[in-house]
Amino acid sequence: MEEVKKLPKSFFTKVRPIAKGKEKSSYSKIEEIKWNKDILQGKNKVIGTISKKV
Amino acid sequence: MCKVGDIIKVEKYIGDDGSEVGRHTFVVIDEDEDVIEGYNFDFVGSPMSSIKSEAQRQKVEADERLMILKTNDQNGMPASKYDESFLKTNLFYYFKKEKIQYQVIGSLNIETYMKLIEQLKNLDEKGLIENVLTNLE
């Protein structure tokens, strides 16, 4: 990827309209990718729980 | 660390409506620290979602703000039962690394990356890109 051209820095510091509250479109209802088990059992694995204060 | 073209999963982030969103996939489109509207940021990403039906595909295909890609053709991607995904290339999410947990899970192949660059340029010319700064505030 190093030799591939990137967009100029100014492309990402450009002031554009702010997308506020528009994410609740029909597209956002499409679920994300189903994760491979190995990924889910890696960093995200639950190794213990903190007991509640009595 | 993540670099341009990487596919990452972000554990929690703030959506453009200000509410917390759970785990989701993004493609990194910029990786250099800078400032946008007075806020420091570390990288920029566009959200990625899967296409689960032909009806959804047609809807996505008809929307010029979105870009379809082959999910399992990308480098290092975990196997997905959904052959195709799409990028919401009209949305630029700005992130500070210290504010989120993320993990690199793959990267776009070169053909997809080049297509993405062209798509972003076209959308910019048409004024269709919107920024999401909710994760910097």
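Small disclaimer: the values here were computed from a predicted structure and weren't measured.

Caption draft 1: The nonpolar core, seen in detail. Formed by 26 residues in total, the largest nonpolar core has its most connected members in Phe-12 of chain A together with Phe-92, Tyr-94 and Leu-116 of chain B. Taken together, the elements giving at least two residues each to this core come down to helix 1 (10-13) of chain A together with strand 4 (24-30), strand 7 (43-50), strand 8 (66-70), strand 10 (91-95) and helix 2 (110-125) of chain B. Looking at this core element by element, the count peaks at five residues for helix 2 of chain B. With residues near it in sequence (within four places) discarded, Tyr-94 of chain B still touches Phe-12 and Arg-16 of chain A together with Ile-36, Phe-41, Phe-43, Val-44, Asn-131, Val-132, Leu-133, Asn-135 and Leu-136 of chain B. Tyr-13, Phe-26, Ile-100 and Val-132 of chain B belong to the second largest nonpolar core, which has 14 residues in total.

Caption draft 2: The packing of aromatic side chains, seen in detail. One pass over the structure, following the stated rule, counts twelve aromatic pairs over all chains. Note that Arg-16 of chain A overlies the ring of Phe-11 of chain A, its terminal NZ or CZ placed 4.8 Å from the centroid.

Caption draft 3: Region of the structure containing the pattern of salt bridges. Taken as a whole, this structure holds 14 salt bridges over all chains when the rule is applied. The shortest N-O distance in the salt bridge between Asp-30 of chain B and Lys-9 of chain A comes to 2.5 Å. Placement of Asp-30 of chain B in strand 4 and of Lys-9 of chain A in the segment before helix 1 is noted, with the two residues assigned to different chains. Relative accessible area serves as the criterion here: at 23%, Lys-9 of chain A is assigned to the partly exposed category.

Caption draft 4: Structural context of unusual backbone geometry. Positive phi outside glycine occurs at Glu-37 of chain B, with the angle close to 50°. Position of Glu-37 of chain B among the secondary structure elements: in the loop between strand 5 (34-36) and strand 6 (39-41).

Caption draft 5: View of the pairing of strand 10 of chain B. Residue and element names in this part refer to chain B. Across the five residues of strand 10, five count as buried, placing the element largely inside the fold. Burial along strand 10 is two-sided: the residues Leu-91, Tyr-93 and Phe-95 and Phe-92 and Tyr-94 are all buried. One ladder, built from three bridges, connects strand 7 with strand 10; its direction is antiparallel. Residue pairing in the sheet places Phe-43 in a bridge with Phe-95 of strand 10. In this structure, strand 10 lies alongside strand 12 (residues 130-132), joined through three bridges in parallel fashion. Bridge pairing in strand 12 places Leu-91 opposite Glu-130.

Caption draft 6: Up close: the pairing of strand 9 (residues 84-88) of chain B. Residues and elements named next belong to chain B. Counting buried residues along strand 9, five of its five residues qualify, which places the element largely inside the surrounding structure. Burial along strand 9 is two-sided: the residues Glu-84, Phe-86 and Lys-88 and Ser-85 and Leu-87 are all buried. Pairing of strand 7 with strand 9, which is carried by three bridges, proceeds in the antiparallel orientation. Looking at the pairing, Ser-50 lines up with Ser-85 of strand 9. Of the pairings in the sheet, the one linking strand 8 to strand 9 comprises five bridges and is antiparallel in character. Bridge pairing in strand 9 links Ile-68 to Phe-86.

Caption draft 7: Here's a closer look at the side chain of Lys-9 of chain B. The topology assignment puts Lys-9 of chain B in strand 1 (residues 6-10). At a separation of 2.8 Å, a polar atom in the side chain of Lys-9 of chain B contacts the side chain of Glu-11 of chain B.

About the cut-offs
- Residues numbered from 1 in each chain as written.
- Chains lettered and ligands numbered in written order.
- Predicted model: local features only at pLDDT ≥ 70, side-chain atom pairs only at ≥ 80, totals over all residues.
- Heavy atoms only, no water.
- Core = buried A, V, L, I, M, F, W, Y, C linked by side-chain atoms within 4.5 Å.
- Buried < 20%, exposed > 50% of the residue type's maximum accessible area, 1.4 Å probe, protein only.
- Helix = DSSP H or I, 4+ residues; strand = E, 2+ residues; numbered from the N terminus.
- Contact = heavy atoms within 4.5 Å.
- Phe/Tyr/Trp six-rings, centres within 6.5 Å; stacked < 30°, edge-to-face > 60°.
- Lys NZ or Arg CZ within 6 Å of the ring centre and 35° of its normal.
- Salt bridge = Lys/Arg side-chain N within 4 Å of Asp/Glu carboxyl O.
- Pairing = 2+ DSSP bridges.
- Polar contact = N/O pair within 3.5 Å; in protein donor to acceptor, adjacent residues only side chain to side chain.

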